[in-house]
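Below, each chain spelled out in residue letters.
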Amino acid sequence: NLRIPGPTPCPPEVLDQVGEPMINHRGPEFKVLINSVTAKLKRVFQTREDLFILTSSGTGAMEASIVNTLSPGDPVLCVSVGAFGDRYRAIAEAYGLNVTRMDVEWGKIADPNEIRKALKANPAIKAVIITHNETSTGVTNDLAAISKVVKGEFNKLLLVDAISSMGCLPLPTDEWRIDVVGTSSQKGFMVPPGLAFISFGQQAWQAYASAKLPRNYFDLKAAKHYLEDLGQTPWTPAVSIFYGLDISLDMMLAEGLESVFARHHRLAEYTRQNVKAMGLSLYADESCAADTVTAVTIPEGVDGNRLVGLMREEHNVVLAGGQGKLVGKIFRIGHLGHCSEEDLRAVFVALEAVLPKVGFKPKARAR
Ligand SMILES: *Cc1c(COP(=O)(O)O)cnc(C)c1O
């Protein structure tokens, strides 16, 4: 029972496909496949703009969003609410952007008013770089409200890491006017790691025209040319993951996006209710708690490593520990992608047995 926030479990239908024989990635079958998968991904992203499939982990899409829109020294606002926000900022810094930091206390979300103030104070800022769903702390930024400020009031570029939210939480790319959204295969999409997806709107293309950062592997003009003129990718793609993705996208679209979002919300509520009923506390404010991953504070006196270890060894439940400064302070339960209430109930049944062994007496039984 793999309950980490990615890689997530894959449905058997997907795993069957991933083992199929190779095809020519410059041949007619691949052209049909990439066109089919791209069209379906656009439905999940709710976009009519360009969308490209990169062979990389999600971080590749984050890097691509930056190198295709910006130039060395460009002023940008990096809003971080956790470890992945810090990663996005580190990429911006690595490429020599002039970064204004907005670091929000972990466990909380970004305040659109603060973003407004920062943009007012520094009118030269070209782009706002932000995480939609912060996997390290289990919170979801209010991207609709943030976009109203960034796009509606200031019309800056808005680059978004949606790696643990796309396909799980509502994120209508075009309606919210997000210029670039990046995500990857191994979280909400229920396929193995290996592919990243990136939407790229018209304003992003305008920025591309003058963007001077070095780029090669992730040059989206090359991706656009290969996709539109040839039905290919510039470099050899992770063909097997395309096979699996074709099936998983069919499953998501057959369930219906609204139902997929509602299921994630229901499972998250179930998880939060159980955590609280047992007498444990949620790390994040419940008002902004993520519907894809729940962070639980490790009670005083409990050895978090031992807790996670016993869950794995004795109950075959694999939980995630904390990242960065949250190592030993929280554990996380992933409930995104291919996940059911039974999967989560098994987590709580196991916790009921393990918690007393690490010195914590649960207040209630697993529901
Ligand atoms: C998982 C994750 C990433 C990193 O993705 P990789 O595929 O490991 O490169 C980045 N941001 C968020 C919010 C994530 O959840």
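Residues numbered from 1 in each chain as written. Predicted model: local features only at pLDDT ≥ 70, side-chain atom pairs only at ≥ 80, totals over all residues. Heavy atoms only, no water.

Trainee: Would you mind going over the sheet that holds strand 1 (residues 50–55) with me for this structure?
Mentor: To summarise the sheet geometry, strands pair through backbone hydrogen bonds and adopt either a parallel or an antiparallel arrangement. Read across the open sheet, the seven strands follow the order 1-9-8-7-4-2-3; overall the sheet is mixed. Looking at the sheet topology across the chains shown, the edges are occupied by strand 1 and strand 3 (98–103). Each neighbouring strand pair of the sheet contributes to a mean axis angle of 15 degrees, computed without reference to strand direction. Two strands pair when backbone bridges link them, and strand 1 and strand 9 (residues 195–200) are joined in this way by six bridges, in the antiparallel orientation. (Pairing = 2+ DSSP bridges. Helix = DSSP H or I, 4+ residues; strand = E, 2+ residues; numbered from the N terminus. Axes fitted to C-alpha atoms, helices over the stretch in contact; angles between N-to-C directions.)

Trainee: I would appreciate a short explanation of the site of the ligand in the present structure.
Mentor: Within the structure, the ligand sits among 15 residues, and Ser57, Thr59, Thr135, Asp161 and Lys187 are positioned closest to it. A distance of 2.4 Å is found between an oxygen atom of the ligand and a side-chain nitrogen or oxygen belonging to Thr135. A distance of 2.6 Å separates a nitrogen atom of the ligand from a polar side-chain atom of Asp161. Coverage of the ligand by the protein amounts to 89% of the 380 Å² it exposes when considered alone. When residues of the shell around the ligand are traced back to their parent elements, those giving at least two are helix 3 (58–67) and helix 4 (83–94). Looking at which element gives the most residues to the shell around the ligand, the answer is helix 3, with three residues. Class assignment for the residues of the shell around the ligand results in three nonpolar, nine polar and three charged. (Near = heavy atom within 4 Å. Polar contact = N/O pair within 3.5 Å; in protein donor to acceptor, adjacent residues only side chain to side chain. Areas by Shrake-Rupley, 256 points an atom, 1.4 Å probe, with all protein chains shown as cover. Nonpolar A, V, L, I, M, F, W, Y, C, P; charged D, E, K, R; others polar.)

Trainee: For this particular structure, what's the right way to read the sheet that holds strand 12 (residues 330–334)?
Mentor: A sheet is described by the order of its strands in space; here three strands give the open sequence 10-11-12, paired in antiparallel fashion. Looking along the sheet, the strands with just one partner apiece sit at the ends: strand 10 (281–282) and strand 12. Note: strand 10 against strand 11 (residues 293–297), two bridges, orientation antiparallel. Note that in strand 11 the partner of Ser281 across the bridge is Thr297.

Trainee: Before we go on, may I ask you to explain the nonpolar core in this structure?
Mentor: Where a protein is soluble and globular, its nonpolar side chains tend to be buried together. Formed by 86 residues in total, the largest nonpolar core has its most connected members in Ile66, Ile115 and Phe189. Take this core: its biggest share by element is eight residues, from helix 9 (residues 239–255). If sequence neighbours within four positions are ignored, Ile115 has contacts with Leu77, Val79, Met102, Ala110, Ile130, Ile146, Val149 and Val150. Core analysis: the second largest hydrophobic core is formed by 28 residues, Val275, Ile298, Leu351 and Ala366 among them. (Core = buried A, V, L, I, M, F, W, Y, C linked by side-chain atoms within 4.5 Å. Buried < 20%, exposed > 50% of the residue type's maximum accessible area, 1.4 Å probe, protein only. Contact = heavy atoms within 4.5 Å.)

Trainee: Where do I start with the environment of Pro28 in this structure?
Mentor: Within the secondary structure, Pro28 is located in helix 2 (residues 28–45). You can call Pro28 exposed: its relative accessible area is 64%. The spacing of Pro28 and Gln232 is 204 residues in sequence and 9.5 Å in space, taken between C-alpha atoms.

Trainee: So what exactly am I meant to see when it comes to helix 4 here?
Mentor: Between its first and last C-alpha, helix 4 extends 16 Å over twelve residues, near the 16 Å set by a 1.5 Å rise per residue. All of the buried residues along helix 4 are Ala83, Phe84, Gly85, Tyr88, Arg89, Ile91 and Ala92. Each element contacted by the buried residues of helix 4 is listed here: helix 3, strand 2 (75–80), strand 3, strand 4 (127–131), strand 5 (133–134) and strand 7 (157–161). Of the residues one or two after helix 4, Gly96 is the one with positive phi, at around 75 degrees. (Expected span 1.5 Å × (residues − 1).)

Just geometry here; none of it tells us what the structure is for.
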